[in-house]
Amino acid sequence: MAGMVDTDMQDAFRNWHLRSDTVTKSTPEMLTRMVSSAVGDDVYGEDPTVTELENKVAHLCNKSAALFCASSTMCNQIAIRAHISQQYECRGASLHTQAMMPPIGAHGNLAKKDVEENLILGHFLYHMAPTRLVLMSLDDVREISELCKLHKIPIHMDGARLWSASIATGHSLVAYAQHVDLLNLCLSKGMGCPVGALLVGSAEFIERARHFRKAFGGGWREAGVLTAARLFAIENIWPTMEYSHNLAQRLALGLVDLGFSLALSVETNIVFISEDTGNEGAVVGKQELMKLVNYLKTKGIILESPYQGSIRIVLHYQITEECIEVILDAARELYNEHA
Ligand SMILES: *Cc1c(COP(=O)(O)O)cnc(C)c1O
């Protein structure tokens, strides 16, 4: 099928992958900012561009400090490890922390009720949003926070996608951050930055986290090239996220019009198409979905295969209106073939 792919696809900066928003690539402007960044040895605290980003993000969250780490996974592990002192270690399976992390909030969101039902008082419990989460309401965050404060349980928010949630809801990062002790913010998702995430919290805690980051092998040398990309993204790409959210709505509405069915409502840049034809009005099932995925591949558009009854389509700033039209045209073509 390679012959059918538009020759424009060879352009490295045209990026019509909708499997995840982690696939975003650095644009020429971002690369320019990276190569011209001032760098130093961050283990000695001497990389001005790393420090600039940490200060900027701490300020955006109204917290006193932030720590740039290799990934959100690493931020979460460091956060847990820095919170759990030796005498509190539970006999868990997790390699670095020995903390148990039972997933709660099965319906894809996390509410106070889920936390309350799973509280084990007298032990350290860590609350993390499930990764399938679409959008967590600020009211839920506040209620969970009040519950945790009552029991003196520290709260860490896996806010990898909080940039997107903040744009979608109109609530600032501070509005969310004020309810949690610590949070993790990713910038590799949807914003084109290579490598890394930030852990944000109190200066005292971040100092402790810095020690564990080094112990995990995560100390940086000259990481300013990476953080320069994030400074660029916060200034130039974050403010444009609403465009992706609008395109996600347009894609979802277009597909629903054609008889596809949504597995979840569209709140940000993610569209879940269900293969369940049992939904009212839905006429497109698993086979048609697979057909669409395969057909789009020939047009240079990469979607994930259906997983657990749905396809997750993730938009990002390199997905254009044109891409959405190609998807809808393809779905129309296929659907008309079946009609
Ligand atoms: C993507 C994601 C992660 C993992 O991020 P990495 O940087 O790839 O480790 C963790 N939590 C949430 C909520 C995510 O969306």
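Residues numbered from 1 in each chain as written. Predicted model: local features only at pLDDT ≥ 70, side-chain atom pairs only at ≥ 80, totals over all residues. Heavy atoms only, no water.

Caption draft 1: Region of the structure containing unusual backbone geometry. Backbone geometry places lysine 152, a non-glycine residue, at a positive phi of 55°. Tracing the backbone shows lysine 152 in the loop between helix H5 (138–150) and strand E2 (156–158). The class of lysine 152 is exposed, set by a relative accessible area of 76%. Phi at glutamate 222 takes a positive value of approximately 50°, unusual for a residue other than glycine. Topologically, glutamate 222 is positioned in the loop between helix H8 (203–215) and helix H9 (224–236). (Helix = DSSP H or I, 4+ residues; strand = E, 2+ residues; numbered from the N terminus. Buried < 20%, exposed > 50% of the residue type's maximum accessible area, 1.4 Å probe, protein only.)

Caption draft 2: Layout of the packing of helix H3 (residues 72–83) against H8. For the pair H3 and H8, the least separation of the axes is 9 Å and the interaxial angle reads 115°. One way to sum up the angle between H3 and H8 is to call them roughly perpendicular. As for how H3 packs across H8, the hand of that crossing is right-handed. Along the contact surface, H3 presents Met74, Ile78, Ala79, Arg81, Ala82 and His83, while H8 presents Phe205, Arg208, Ala209, Phe212 and Arg213. Across the contact of H3 with H8, the residue classes break down as 7 nonpolar, 1 polar and 3 charged. (Axes fitted to C-alpha atoms, helices over the stretch in contact; angles between N-to-C directions. Parallel < 35°, antiparallel > 145°, perpendicular 65-115°, else oblique. Left-handed = near helix turned anticlockwise from the far one by under 90°. Contact = heavy atoms within 4.5 Å. Nonpolar A, V, L, I, M, F, W, Y, C, P; charged D, E, K, R; others polar.)

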